[in-house]
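Given next are the chains, with one letter for each unit.
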Amino acid sequence: LPQKPPVSPTKTTQDTSQSGKKIKLSLKNIPTKIFPDHPIDDSEFARKLLQKVLKKAIALMKENDPQGLFLNPVTDAIAPGYSSIIKRPMCIRTIEEQMMESSYDSIEDFRDDTLLMFANCVKYNVGDAGQWFRVEAQRQKQLWKEKIYPEAKSKLSTEKSKRKAALKKAKANETTAAGSKKRKPPPPLAFAPGMKKSAVPTSEKKKDDAAINNLTAKDVDPLPPWRYKRRKKEVEIPSLQCLASMLLADPFVVRLLVDKIEKIVRADIMKNKSVPSGNPLLPSLLQLLNIAKISTQLCAMKGKRLAIPDAGLKEILMEGEDRSLPYETLRNFLPLFSKLLLDVDLDKRIALGGDLYDAAAQSLLAPSDVMDAEWNGASSLQDLRVIVEGAFIHLMQPGNTNEVALQNQFPRFVNALDKLSDGNMIHEKPFFISLSHALLRYKTKLPHSTRDLVTNVMIKWLRLSKDSNESCLCSALHECFMRLLNEWASLGNAVLSRDLFLSLSEQAIAAADKQGDEQKSTLFVSLWIKNDAQFALVKEQYLRMLTSTPEKTAESWKEKLGIPDEKIDAMDTSS
């Protein structure tokens, strides 16, 4: 049979397989425009660059705000009347959300929102009460204008210049490559169908028979890199500092710390007549309580800035920020807490049935007066407030006091809590739940005088709250107060009569809405009709009260408050 002439490797660039399809043997014929080096529209790069620069700037703003003053949106519950004064609120969290959604077209938009945030703070916080907030806003604003914003703007300008130069260079290289002479086609691949070993010249047999191994960089145009590769989603793992602070902030851990502190004060400080700072454990326990208090700030800053509170053994002023709260607790007010416990114990001993009752009857001993000025300046000591609340709940447990002594002991704790909370106790839900559990342990043996002390002080706290009326009506105190009354009423008239129950509920509504006892609360009726979500838990307790009340009495109560009958149904079983 006649043989086909050998195929020259320098002229043949394609062959036909048995199926008749043509196979391209050269990689040079692949067009270079399939995978462009850069997109024609560069707006996507500009958007991602601005997002990257602003993300770093926002992280620096969080680190510069250790107290979390500008971190979250401000509500009327936190700052009464805020929405009526500030028409366009702004915070770091809102700025961060707009950055993630690419709502900022330029860095100037970010600048305007940040300056608005500082201006809102200065506008709302007027007078002597807002001096600290204005000073803090001015400090953060100055650092932002002198460091954070200029660095972000410079970084953005530098990266844009680099991008522009890279695009210009790539375009020049593309133009040069298009105008250059065509290179010789590469040799055919040895594994192509129809190729035979005899086609390779004899001079090449000493080398590798595969022609692809003889190709050089000049013979093949490499594929450009793929620019649109999907990146893995960034997963932010909390730092060890955040995890540790979250564990310390657990209510069970906080309870253990508070119980340990109270035991040390009773068994060591009071017994040995020593000062709290001399105890080796108290400074460390207070330090742990303060770390638990700032756990939310550590988590908001993702642990990038860790400020460990001092143990309180000396007064500290660091970076213009007062970090002496542990010092105030340990040195100034924890001894006052020891005095409070001593006064409470003395009240019990000189009461009827105590070992010092005869001396008190002969006027040799008398209970000390409640000194309002003793606890002045303690409103910022949240760690001490938790300790006093724990001691108060311990006192209210059955068997720890008696009905006569409680008449003097109760006002002492109330005065201390008023000063420590600055008169705003309506959001202390863990405290009120614990107090309710302690009082319900009396069951039907609860003294009426104790019941009246508790109900009167709860109504007082509702009336004296500095929050808005709506916030007071929806508060944890209002909910826990009505829940406690419902539990007492379920024990029978021996603890709480039905008429007194309805009367106390009316007083609670009037106190929360800052109305007189005979005035109707239009805000309460409005929240009831709208089925407001924040008011749902409070409304549930009132519905529970009405379903356990005779129908005529319930209708009379609704008519007195001005609640339409068609808006009141039997309590839903789902609630």
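All figures in this text were calculated on a predicted structure; none of them were measured in a lab.

Cut-offs used in this document
- Residues numbered from 1 in each chain as written.
- Predicted model: local features only at pLDDT ≥ 70, side-chain atom pairs only at ≥ 80, totals over all residues.
- Heavy atoms only, no water.
- Helix = DSSP H or I, 4+ residues; strand = E, 2+ residues; numbered from the N terminus.
- Buried < 20%, exposed > 50% of the residue type's maximum accessible area, 1.4 Å probe, protein only.
- Contact = heavy atoms within 4.5 Å.
- Areas by Shrake-Rupley, 256 points an atom, 1.4 Å probe, with all protein chains shown as cover.
- Core = buried A, V, L, I, M, F, W, Y, C linked by side-chain atoms within 4.5 Å.
- Disulfide = S-S within 2.5 Å.
- Salt bridge = Lys/Arg side-chain N within 4 Å of Asp/Glu carboxyl O.
- Phe/Tyr/Trp six-rings, centres within 6.5 Å; stacked < 30°, edge-to-face > 60°.
- Polar contact = N/O pair within 3.5 Å; in protein donor to acceptor, adjacent residues only side chain to side chain.
- Expected span 1.5 Å × (residues − 1).
- Patch = residues over 30% accessible without salt bridge, like charges linked within 9 Å, V, L, I, M, F, W, Y side chains within 5 Å.
- Axes fitted to C-alpha atoms, helices over the stretch in contact; angles between N-to-C directions.
- Parallel < 35°, antiparallel > 145°, perpendicular 65-115°, else oblique.
- Left-handed = near helix turned anticlockwise from the far one by under 90°.
- Arc of directions from axis to C-beta.
- pLDDT = per-residue confidence, 0-100.

The helix and strand tally for the chain stands at 21 helices and four strands. For the chain, the proportion of its 575 residues judged to be buried stands at 37%. In the chain, once contacts between residues fewer than 6 apart in sequence are set aside, the share between residues at least 24 apart is 72%. Of the roughly 34300 Å² that the chain leaves accessible, carbon and sulfur atoms contribute 55%.

With that settled, the discussion passes to the side chain of arginine 451. Summarising the element assignment, arginine 451 is placed in helix H15 (residues 448-464). When residues no more than four places from it in sequence are discounted, the contact partners of arginine 451 are Leu446, Trp488, Val495, Leu496 and Leu500.

Let's shift gears to the nonpolar core. Phe337, Trp375, Leu384 and Tyr542 are the most contacted members of the largest nonpolar core, which has 90 residues in total. In terms of nonpolar packing, the next biggest core, distinct from the first, is built from 24 residues, Leu50, Leu54, Met90 and Ile92 among them.

Moving on: the state of the cysteines. All chains considered together, the criterion is met by zero disulfides. Cysteine cysteine 472 shares no disulfide, and the gap to the nearest cysteine sulfur, in cysteine 474, comes to 9.4 Å.

A full pass over the atoms with the stated rule returns 22 salt bridges. As a salt-bridge pair, arginine 47 and glutamate 44 come within 2.6 Å of each other at their nearest N and O atoms. Placement of the pair is arginine 47 and glutamate 44 together in helix H1 (residues 43-63), with a separation of three residues, close to one helical turn. Relative accessible area serves as the criterion here: at 34%, arginine 47 is assigned to the partly exposed category. In this structure, lysine 155 engages glutamate 159 in a salt bridge whose closest nitrogen and oxygen atoms are separated by 3.3 Å. With lysine 155 and glutamate 159 both in helix H5 (residues 131-179) and four residues apart, this pair spans about one turn of that helix.

Another point: the side chain of threonine 549. With respect to the helices, strands and loops of the structure, threonine 549 is situated in the loop between helix H20 (536-547) and helix H21 (551-561). Residues within four places of threonine 549 in sequence aside, it is in contact with Arg498, Leu502 and Ala554.

Here we take up the packing of aromatic side chains. One pass over the full model with this rule turns up 16 aromatic pairs. For the ring pair phenylalanine 392 and phenylalanine 413, a centre distance of 5.3 Å and an interplane angle of 20° mean the geometry is stacked. With a gap of 21 residues between them, phenylalanine 392 in helix H12 (residues 382-395) and phenylalanine 413 in helix H13 (residues 403-421) connect regions that are remote in the sequence. Comparing phenylalanine 392 with phenylalanine 413 shows no difference in burial state: the two are buried. An angle of 25° between the planes, with centres 5.9 Å apart, marks the rings of tyrosine 542 and tryptophan 557 as stacked. Taken together, the residues tyrosine 542 in helix H20 and tryptophan 557 in helix H21 connect sequence positions 15 residues apart. For tryptophan 557, a relative accessible area of 2% translates into the label buried. Aromatic rings pair up to connect Phe392, Phe410, Phe413, Phe431, Phe432 and Trp461 into one cluster.

Let us now look at unusual backbone geometry. A positive phi angle is found at aspartate 422, which is not glycine, with a value near 60°. With phi around 55°, lysine 443 is a residue other than glycine that occupies positive phi space. On the secondary structure map, lysine 443 appears in the loop between helix H14 (429-440) and H15.

Turning to the environment of aspartate 112, a few remarks are in order. Assignment of secondary structure puts aspartate 112 in helix H4 (residues 107-124). A relative accessible area of 39% places aspartate 112 in the partly exposed class. Of the polar contacts made by the side chain of aspartate 112, one reaches the side chain of arginine 111; its length is 3.3 Å.

Before going further, it helps to examine H12. The end-to-end C-alpha distance of H12, which contains 14 residues, comes to 20 Å, matching closely the 20 Å that a straight helix rising 1.5 Å per residue would cover. Counting buried positions over the 14 residues of H12 gives ten, a clear majority of the element. Where H12 is concerned, the buried positions are Asp383, Leu384, Arg385, Ile387, Val388, Glu389, Ala391, Phe392, Ile393 and Leu395.

There is a patch of nonpolar side chains on the surface, built from Leu240, Leu243 and Met246 and spanning about 320 Å² of accessible area. Relative to the helices and strands, leucine 243 resides in helix H6 (residues 240-248).

Turning our attention to the packing of H15 against helix H18 (residues 498-512). Where H15 meets H18, the axes come as close as 7 Å, and the angle between the chain directions of the two elements is 25°. Viewed along their axes, H15 and H18 adopt a mutual orientation that is roughly parallel. Read as a crossing pair, H15 and H18 show a hand that is right-handed. Here Arg451, Thr455, Ile459, Leu462 and Arg463 of H15 lie close against H18, whose contacting residues are Leu500, Leu504, Gln507, Ala508, Ala510, Ala511 and Ala512.

Under the 1.5 Å per step criterion, the end-to-end length of H4 is 26 Å for 18 residues, consistent within 8% with the ideal 26 Å. Among all positions in H4, only Ile107, Phe110, Asp113, Thr114, Met117, Phe118, Asn120, Cys121 and Tyr124 are buried. The buried side chains of H4 occupy one side of the element, clustering within an arc of 150° when seen end-on.

Here we come to the environment of serine 468. Mapping serine 468 onto the fold places it in the loop between H15 and helix H16 (469-473). Accessibility expressed as a relative area gives 22% for serine 468, which makes it partly exposed. Distance from serine 468 to lysine 514, taken between C-alpha atoms, is 9.6 Å for residues 46 residues apart in sequence. Contacts of serine 468, omitting those with residues within four sequence positions, involve Asp76 and Pro80.

Turning to the confidence of the model for the chain, a few remarks are in order. With 73% of its residues at a pLDDT of 70 or more, the chain has an overall mean of 78. Segment residues 194-200 is flagged for pLDDT under 50; beyond a separation of four residues in sequence, or across chains, it makes six contacts in the model. Within the model, pLDDT remains below 50 along residues 567-575, and this stretch shows 13 contacts once partners closer than five positions in the same chain are excluded.

This part is about the environment of leucine 156. As for its position among the elements, leucine 156 is in helix H5. The class of leucine 156 is buried, set by a relative accessible area of 8%. As for leucine 156 and lysine 52, which are separated by 104 residues in sequence, their C-alpha atoms are 9.2 Å apart. When sequence neighbours within four positions are dropped, the list of residues in contact with leucine 156 reads Leu49, Leu50, Val53 and Ile107.

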